[in-house]
Amino acid sequence: MAGSLTVSAVEAYARDGFLFPLDIFSGDQAWTLRTEVESLERDWSDDRLPRPLNQYFRVNGQVVIPLLARIATTPAILNAVESLIGPDIMLWSAELFIKEPGTAKIVSWHQDLTYWGLGETDDEVTAWLALSEVSRASGCMRFVAGSHHQRIVPHRDTFHADNLLSRGQEIAVEVDEADARFVELHPGQMSLHHGRMFHASGPNVSSDRRIGVALRYIAPGVWQQVAERDYAMLMRGADRERNWINVAPPAGLFDPAALFDPAALVLYEEILSAQSAALAQGAEGQVGLYQAGAPA
Ligand SMILES: O=C(O)CCC(=O)C(=O)O
């Protein structure tokens, strides 16, 4: 099946904690997806939404933006993910990481699972899809091979304005940059990384935007261990464990009807508020992306 990983690729993922580059879309298809993202920015970057558009881009975008839910169901992506976590696949969050050209936005060294409340599971994987040229110059990710074999290491919050992470969290132990692999991708290619992978990304000194879609997939057996409840969208197979409140893809884009429970924008607030118990655990400052009713 298109996208399914070979035995040796699965072994490489188990050894290194990542895989790239994987071809998912042609350059033209990726360009079309990029223009869809950019038309959302053109049409909705005003005050018609309860929160700034970037909030919906950065966390749980699948709940309110059909485009992100649609990308997450791409068979070639799901086939690759299935090779790693099995045939039952749920989407926990879809996120856009955008760095404007010539800007200082970075992502500090971190392990994804640190504040998600999902424990140290091996059954979560991020598929990160490039919708632009993703190079060293444009601020590609860097991975440390084999770092996922460690447990979750201590992190500290920086809340740095140029950090794209919700609390600017960074690993509090030394990471040797010499160990880093640069995850360069062409538009339409993706990488896969383990939730305990040490990873970071640099500023965009190129002349184009750097646009990536991060899709956080879990097997249904993963469970929320900090917040009282959590939500996920079934992508393939079945959710037999029932650890998750199952949510459906949005019926329409920011549909006015979605202002009323149980539809998308209300559901979005409900999910943020539930997840904030995990995502803001131990934070000394406000974790903007998870603040009730507040702009991000
Ligand atoms: O897009 C980036 O630069 C970082 C993304 C990231 O940290 C992630 O997807 O886990």
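Draft legend 1. Spatial organisation of the overall build of the protein chain. Within the protein chain, the regular secondary structure consists of six helices and 13 strands. The C-alpha atoms of the protein chain give a radius of gyration of 18 Å, which matches the 19 Å a tight globule of 296 residues would have. Here the protein chain, with 296 residues, has 57% of them falling under the buried criterion. For the protein chain, the proportion of contacts with a sequence separation of at least 24, taken over those separated by at least 6, is 82%. Of the roughly 12200 Å² of accessible surface on the protein chain, 53% is carried by carbon and sulfur atoms. Here the protein chain carries 23 positive and 38 negative side-chain charges, and the mean point of each set is 1 Å from the other.

Draft legend 2. View of helix H1 (residues 7-16). Among the residues of H1, those classed as buried are Ala-9, Ala-12, Tyr-13 and Asp-16. Around the axis of H1, the buried residues are gathered within 100° of arc, so they sit on the same side. Seen from the buried face of H1, the exposed residues on the opposite side, beyond 90 degrees, are Val-7, Glu-11 and Arg-15.

Draft legend 3. Spotlight on the confidence of the model for the protein chain. Across the protein chain, the average pLDDT comes to 90, with 93% of residues at 70 or higher. Within the model, pLDDT remains below 50 along residues 257-262, and this stretch shows 11 contacts once partners closer than five positions in the same chain are excluded.

Draft legend 4. View of the site of the ligand. As a matter of local geometry, the ligand sits amid 13 residues, with Asp-112, His-199, Ser-201, Arg-210 and Arg-216 nearest to it. Within the side chain of Asp-112, a nitrogen or oxygen atom sits 2.9 Å from an oxygen atom of the ligand. Trp-128 has a polar side-chain atom sitting 3.1 Å from an oxygen atom of the ligand. Contact with the protein chains removes 100% of the 290 Å² of surface that the ligand exposes when unbound. Those elements that provide at least two residues to the shell around the ligand are strand S2 (89-99), strand S3 (107-110), strand S10 (199-201) and strand S11 (210-218).

Cut-offs applied
- Residues numbered from 1 in each chain as written.
- Predicted model: local features only at pLDDT ≥ 70, side-chain atom pairs only at ≥ 80, totals over all residues.
- Heavy atoms only, no water.
- Helix = DSSP H or I, 4+ residues; strand = E, 2+ residues; numbered from the N terminus.
- Rg over C-alpha atoms; globule rule 2.2 N^0.38 Å.
- Buried < 20%, exposed > 50% of the residue type's maximum accessible area, 1.4 Å probe, protein only.
- Contact = heavy atoms within 4.5 Å.
- Areas by Shrake-Rupley, 256 points an atom, 1.4 Å probe, with all protein chains shown as cover.
- Lys, Arg positive; Asp, Glu negative; His and termini not counted.
- Charge placed at Lys NZ, Arg CZ, Asp CG, Glu CD.
- Arc of directions from axis to C-beta.
- pLDDT = per-residue confidence, 0-100.
- Near = heavy atom within 4 Å.
- Polar contact = N/O pair within 3.5 Å; in protein donor to acceptor, adjacent residues only side chain to side chain.

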